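Residue-level structure breakdown
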Amino acid sequence: MTSITPLTGKALLSRLKELGNASRSETAKACGYYSITKTGRERINFTAFYEALLASKGVAFDEAAPRKGRHPSYTVRVQSNGNLLIGSAYTKQLNLQVGDEFEIKLGRRQIRLVPVNGSDDESEE
């Protein structure tokens, strides 16, 4: 991918005033927030453009906060094939490893996963 140096700070704000009523795509591209892919397609990076715009206006972001991926919602749905998928966000949170085994315990309206070599001490919620 080809890299273009995007405008930031006062230069970005000044360029926005010059562009007036240009479309969002034209504006982001004119400010340098695009790249050319290996196949020659133009790709506009709106997220970086809007973040730079907010930063130029003095809005600070917490750089320590995670920015990528989805966050666990603690809610799952039964899939069309009848399976329940827990997802990697939960397994990472619990530090589970490939090959870890669980016993499935069914309650009235709950499903509990208990490690095969673990205890079932936790109180039911």
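Calculation notes
Residues numbered from 1 in each chain as written. Predicted model: local features only at pLDDT ≥ 70, side-chain atom pairs only at ≥ 80, totals over all residues. Heavy atoms only, no water. Helix = DSSP H or I, 4+ residues; strand = E, 2+ residues; numbered from the N terminus. Buried < 20%, exposed > 50% of the residue type's maximum accessible area, 1.4 Å probe, protein only. Contact = heavy atoms within 4.5 Å. Areas by Shrake-Rupley, 256 points an atom, 1.4 Å probe, with all protein chains shown as cover. Polar contact = N/O pair within 3.5 Å; in protein donor to acceptor, adjacent residues only side chain to side chain. Axes fitted to C-alpha atoms, helices over the stretch in contact; angles between N-to-C directions. Parallel < 35°, antiparallel > 145°, perpendicular 65-115°, else oblique. Nonpolar A, V, L, I, M, F, W, Y, C, P; charged D, E, K, R; others polar. pLDDT = per-residue confidence, 0-100. Salt bridge = Lys/Arg side-chain N within 4 Å of Asp/Glu carboxyl O.

Identification of the protein chain as AbrB family transcriptional regulator from Synechococcus elongatus PCC 11801 is taken from an unreviewed UniProt entry.

Right, let's talk about the overall build of the protein chain for a bit. Counting secondary structure elements, the protein chain contains four helices and four strands. Counting from the amino terminus, the protein chain carries its helices and strands in the arrangement α-α-β-β-α-α-β-β. Looking at the 125 residues of the protein chain, the share that counts as buried comes to 12%. Here the contacts in the protein chain between residues at least 6 apart in sequence split such that 29% fall between residues at least 24 apart. Of the roughly 10,800 Å² of accessible surface on the protein chain, a fraction of 50% belongs to carbon and sulfur atoms.

This brings us to the side chain of Ser-56. Of note, Ser-56 is situated in helix H3 (residues 46-56). Ser-56 sits in the buried class, given a relative accessible area of 19%. Of note is the side chain of Ser-56, whose polar atom sits 2.8 Å from the backbone oxygen of Ala-52.

Quick look at the packing of helix H1 (residues 9-19) against H3 now. Two numbers describe how H1 lies on H3: the axes approach to 9 Å, and their chain directions differ by 105°. When the axis of H1 is compared with that of H3, the two are roughly perpendicular. For the pair H1 and H3, the contacting residues are Gly-9, Leu-12, Leu-13 and Leu-16 in the first and Phe-49, Ala-52, Leu-53 and Ser-56 in the second. Looking at the contact of H1 with H3, its residues break down into six nonpolar, two polar and no charged.

Here we come to the confidence of the model for the protein chain. Confidence in the prediction for the protein chain averages 83 pLDDT; 82% of positions are at 70 or higher. Mean pLDDT per element in the protein chain: helix H4 (residues 88-93) is the minimum at 84, and helix H2 (residues 24-30) is the maximum at 93.

Here the focus is the pattern of salt bridges. Applying the stated rule across the entire model yields two salt bridges. One salt bridge in this structure joins Glu-18 and Arg-15, with 3.1 Å as the shortest N-O distance. Taken together, the residues span about one helical turn, with Glu-18 and Arg-15 both in helix H1 at a distance of three residues. Given the relative accessible area of 26%, Arg-15 is considered partly exposed.

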